[in-house]
Amino acid sequence: MKYSEVLELSDDELGFKEKELRQELFNLRFRKATGQLDNTARIGLLKRDLARVLTSKRERDGAQAAGAEEEGS
């Protein structure tokens, strides 16, 4: 998933995507620990996708806080 794709998601979709990525990452880690995971590179890709989603959420929260601060001034 590219960052431009993440930017197109709504706030609700971002929350859903975060939960989905965390669950998939957990499952892959579990499969790795039990020796059932063939493609270990997938874990790194998921971690990057999750970081992109979290970065986008944090940026949106910061923009909303800055907007509320400006309205209050």
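Shown above is the structure to which this text applies.
Cut-offs applied
Per-chain numbering applies: the sequence of each chain, read as written, is numbered from 1 onward. With pLDDT at 70 or above as the cut-off, local features in this predicted model cover only qualifying residues; side-chain atom pairs require 80 or more to be listed or tallied, and sums for whole chains, interfaces and linings still use all residues. Values shown for side chains rest on all heavy atoms present in the structure; no hydrogens or waters enter the calculation. Nonpolar core, defined: a set of buried Ala, Val, Leu, Ile, Met, Phe, Trp, Tyr and Cys residues in which side-chain atoms within 4.5 Å join the residues together. When accessible area is computed with a 1.4 Å probe and restricted to protein chains, residues below 20% of their type maximum are described as buried, those above 50% as exposed, and intermediate ones as partly exposed. Numbering of helices and strands runs from the N terminus; a helix is a DSSP stretch of H or I covering at least four residues, while a strand is a stretch of E covering at least two. Any two residues whose heavy atoms approach within 4.5 Å are treated as being in contact. The span one expects for a helix is its residue count, reduced by one, times 1.5 Å. Convention adopted: a line fitted to C-alpha atoms gives each axis, helices being fitted over their contacting stretch, and angles between N-to-C directions are expressed from 0 to 180 degrees. Note on angle classes: values under 35 degrees are labelled roughly parallel, values over 145 roughly antiparallel, values of 65 to 115 roughly perpendicular, and the remainder oblique. Put simply, a crossing is left-handed when the front helix is turned counterclockwise from the back one by less than a right angle, and right-handed when it is turned clockwise. Here the term charged refers only to Asp, Glu, Lys and Arg, the term nonpolar to Ala, Val, Leu, Ile, Met, Phe, Trp, Tyr, Cys and Pro, and the term polar to all other amino acids, Gly among them. Any carboxyl oxygen of Asp or Glu that lies within 4 Å of a side-chain nitrogen of Lys or Arg is treated as forming a salt bridge with it.

Honestly, the nonpolar core in this entry has me stumped. Any pointers?
Burial of nonpolar side chains together is a common tendency in soluble globular proteins. Among the nonpolar cores identified, the biggest contains 10 residues, and these are V6, L14, L21, L25, L28, L37, I43, L46, L50 and V53. Where this core is concerned, the elements lending two or more residues are helix 2 (11-33) and helix 3 (41-72). In contact with L14, other than residues within four places in its own chain, are V6, L9, V53, S56, K57 and R60.

Honestly, helix 2 in this entry has me stumped. Any pointers?
An α-helical segment advances 3.6 residues per turn. Residues three or four places apart therefore align on the same side. Look at helix 2: 33 Å from first C-alpha to last across 23 residues, which is about the 33 Å you get at 1.5 Å a residue. Listed as buried for helix 2 are L14, G15, E18, L21, L25 and L28. For helix 2, the elements touching its buried residues are helix 1 (3-7) and helix 3. Once helix 2 ends, the next one or two residues include G35, with phi positive near 80°.

Help me understand the packing of helix 2 against helix 3 in this model?
When two helices pack together, their arrangement is given by the angle between the helix axes and the distance between those axes. One can describe the packing of helix 2 onto helix 3 by two numbers: an axis separation of 9 Å at closest approach and a directional angle of 155°. If you check the angle between helix 2 and helix 3, you find them roughly antiparallel. Relative to helix 3, the crossing made by helix 2 is left-handed. Note on element contacts: helix 3 touches helix 2 through R42, I43, L46, K47, D49, L50, V53, L54, S56, K57, R60 and Q64, opposite D11, L14, G15, K17, E18, L21, R22, E24, L25, L28, R29 and K32. A per-class count over the contact of helix 2 with helix 3 returns nine nonpolar, three polar and 12 charged.

For this particular structure, what's the right way to read helix 3?
Compared with the 46 Å implied by 1.5 Å per residue over 32 residues, the 47 Å span of helix 3 between its first and last C-alpha is a close match. Turning to helix 3, its buried residues number three or more, namely I43, L46, D49, L50, V53, S56 and R60. Among the structural elements, helix 1 and helix 2 are those in contact with the buried residues of helix 3.

Just checking my understanding: could you explain the pattern of salt bridges for this structure?
Opposite charge on two side chains makes pairing possible when the charged atoms of those side chains draw close. Across all of its chains, the model carries six salt bridges by this definition. Here K17 and E20 are joined by a salt bridge, their closest N and O atoms 3.2 Å apart. Note that K17 and E20 are positioned in helix 2 at a spacing of three residues, about one turn of the helix. One salt bridge in this structure joins R52 and D49, with 2.9 Å as the shortest N-O distance. Here R52 and its partner D49 are both found in helix 3, three residues apart, which amounts to about one turn of the helix. Since its relative accessible area comes to 29%, R52 is described here as partly exposed. You can call D49 buried: its relative accessible area is 11%. Within this structure, E18, R22 and K57 form a network of salt bridges that share partners.

Treat this as a map of the structure, not an account of what it does.
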